[in-house]
Structure formats: C-alpha cells, structure tokens
Amino acid sequence: VSYFATCSCLSDRKKYPSFFRTIPSDAFQVRAMVQILRHFGWTWVGLLYSDDDYGIHASQSFHQDVHLFGGCVGFSEMLPRDNNRRDIQNILAVIQASTARVVVVFSTEAYLLPLMDEVALQNVTGRQWIASEAWATSPVFHTQRLLPFLGGTLGIAIRRGEIQGLREFLNYLRPDNNPKNNMIRIFWENMFGCNFETGGRKTEAEGERKVCTGQEDLSSTDTPYTDVSELRASYNAYKAVYALAHALHDLMQCEKGRGPFSGNSCADIINLQPWQVVHYLQKVNFTTGFGDHVSFDENGDALSIYDVMNWQPNSD
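The chain carries the name Receptor ligand binding region domain-containing protein in an unreviewed UniProt entry, which gives Cirrhinus mrigala as its organism. Of the chain, the UniProt comment under Subcellular location (unreviewed entry) reads exactly: "Membrane".

Quick look at the structure:
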C-alpha cells in the first residue's frame, strides 16, 4: 500500500494486481489542474515536465484532458535529466517566445530548480506558474531570490491531515523507553547537542559536548521533528497503515463456513496467503479521525482529494 507513488501507470490492474495507494493517481491530479484552468478561463498554456515516469505519464494525460475542455498546449518541453544549462536556456527561450503566459509544471524540485535559477538570472516575469504536487509545497523555492518570479504560483498539493495523538507520542519518546534502538540515541544526541557516556575514549569534539541524561524535554524544542502542522506524506502513511489494520481485522472476524473463499472458507491465520489480504484490502471502508473517508476503487486508487495552494509571500 503506497503512500507516495502517484504514477497513473500503477493503476493497471493486469500489471499490478495487488497494488493499492492512499495518495491519488496523477490522472486525478491532471483533472484537478484542468478544473483550475477552466475556472480562470486559461485555455492557452505551456507545459514543462520531468524526464521520468512521473512527468511523462502526467504530460500525456494533461494533453488529452486539456483538449477535451477546449484548451490548447502552446509548448511542451521535457526538463533535462542532467540539468544541462544549454538545454535549460533553450527551454527558457521557448517560454519567452511563446504567447502562453500560464505554465504548468509536472516535476520534482530537483529537475525544476536549475530552470528557476535561470528564470531569476534572466529576469523572466509575467508568468503564472501552476505546480504539481511534487513541488507545490517545496520550501526550496521559497527564497527572496525566487519569490519575485514565483509569487502567486497555484499548486495542487497532497492533502494535509491531522493525526490525533502524534505530537504527544513524539514528545513521549525517550532513549530509556527503547534502549535497544540505537537510532533514538543518535537522534537524541543530535537534538540536544550532547553525548551519552559510553565508557570509551571521547574525541576532542565530543569532549566539548555535555553528557545526555535521557531526560531532556522534547516539548521544549522547536524543530521540524515536533512540528505536526504540515502532515501530508505522513498522513498518507498513517492511512496506509490503518487500511492494512482494517483489512487484517476484517479477515480475522471471518466466521467459519461463511468466508469469502472457495467452499465459504476463511483465511488461515497461521498460513496466511497474500492474495487473501488483497481481497480484504479491496473492501476496506473507514473514516479517519480527521474525517477523511478511505476506500479503494477497482484499480486500488484511493478517493482523490487535494489542497490547492497559492504562494503569497509575507513580509518575513
């Protein structure tokens, strides 16, 4: 059950009969983008996309859906895989030469950042950028250098959710709760700038650091670790785990002689077969504590739901 794979190619049940996901397919993302274009009456648009499955499949869907609503794609350019500057300059020349002022981009930040650097360098303004979910929430572009060119960007974003009790759970973490988990000790040392005494020799750098007690207060820290205000991919992972839990719960509730398999049999908990879990996953139907409905269609796709972002810089 994937929480992050969006390629529409994965909806092919013949190729991927046991694939499910809690993040919407790019096919739905393209439809959401086209709804935005239709809303504003933007029928003449440019398209940029990354040189990978994500970009290529999304661009194919976009071409089809734009034509269906009567729009036209003024240009369609693939971002270079190797960030070759000459190729990037050629793409920027196409953007500048086109009368299309709306530019839709299906790409991860790694492919796109070199182009945006060139946009800033050549002072290319007056474009309305439309961001796919792969870069719509990326802080990499939120700099004083780039925001004059990217301010006002509209983006499709992964749905933000809330996970009840997560902040309390993260703050409860202590090295002595799970002494065998060395990752917690490493995390603790980095978080509080201290070292646990190991009895061995300390390096000169380590000697300058205080000794960890293991009782330091995580709730007093202000870091991305304790910030649960922007749970997007994490919220999808949460839904994926709960989907599996619901499937296994339903499987275990099966009454002997009234099961869904041959001869009305139930799954054998001791000798569980993967295809039996798939059967129950397909029928999953529940609502999260945040109020979102979770179920899968015949292709294993979850109900499509997005946030729409608009980049408006504040004074800070």
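Draft legend 1. Looking closely at the environment of G263. Within the secondary structure, G263 is located in the loop between α9 (233-252) and α10 (274-282). For G263, a relative accessible area of 72% gives the class exposed. As a C-alpha pair, G263 and D250 span 13 residues in sequence and 19 Å in three-dimensional space.

Draft legend 2. Main features of helix α3 (residues 85-97). Spanning 13 residues, α3 covers 18 Å between terminal C-alpha atoms, matching the ideal 18 Å at 1.5 Å per step. Considered for burial, the residues of α3 that qualify are I88, I91, L92 and I95. One face of α3 carries all of its buried residues, which in axial projection span an arc of 100°. The exposed residues of α3 that point more than 90 degrees off its buried face are R86 and A97. The inward-facing, buried residues of α3 contact β1 (44-50), β2 (72-79), α4 (109-121) and β4 (128-131). Where α3 starts, the residue carrying a side-chain oxygen 2.9 Å from the main-chain nitrogen of R86 turns out to be N84.

What counts as what
- Residues numbered from 1 in each chain as written.
- Predicted model: local features only at pLDDT ≥ 70, side-chain atom pairs only at ≥ 80, totals over all residues.
- Heavy atoms only, no water.
- UniProt positions renumbered as here; feature names shortened; annotations may be inferred.
- Helix = DSSP H or I, 4+ residues; strand = E, 2+ residues; numbered from the N terminus.
- Buried < 20%, exposed > 50% of the residue type's maximum accessible area, 1.4 Å probe, protein only.
- Expected span 1.5 Å × (residues − 1).
- Arc of directions from axis to C-beta.
- Contact = heavy atoms within 4.5 Å.
- Polar contact = N/O pair within 3.5 Å; in protein donor to acceptor, adjacent residues only side chain to side chain.

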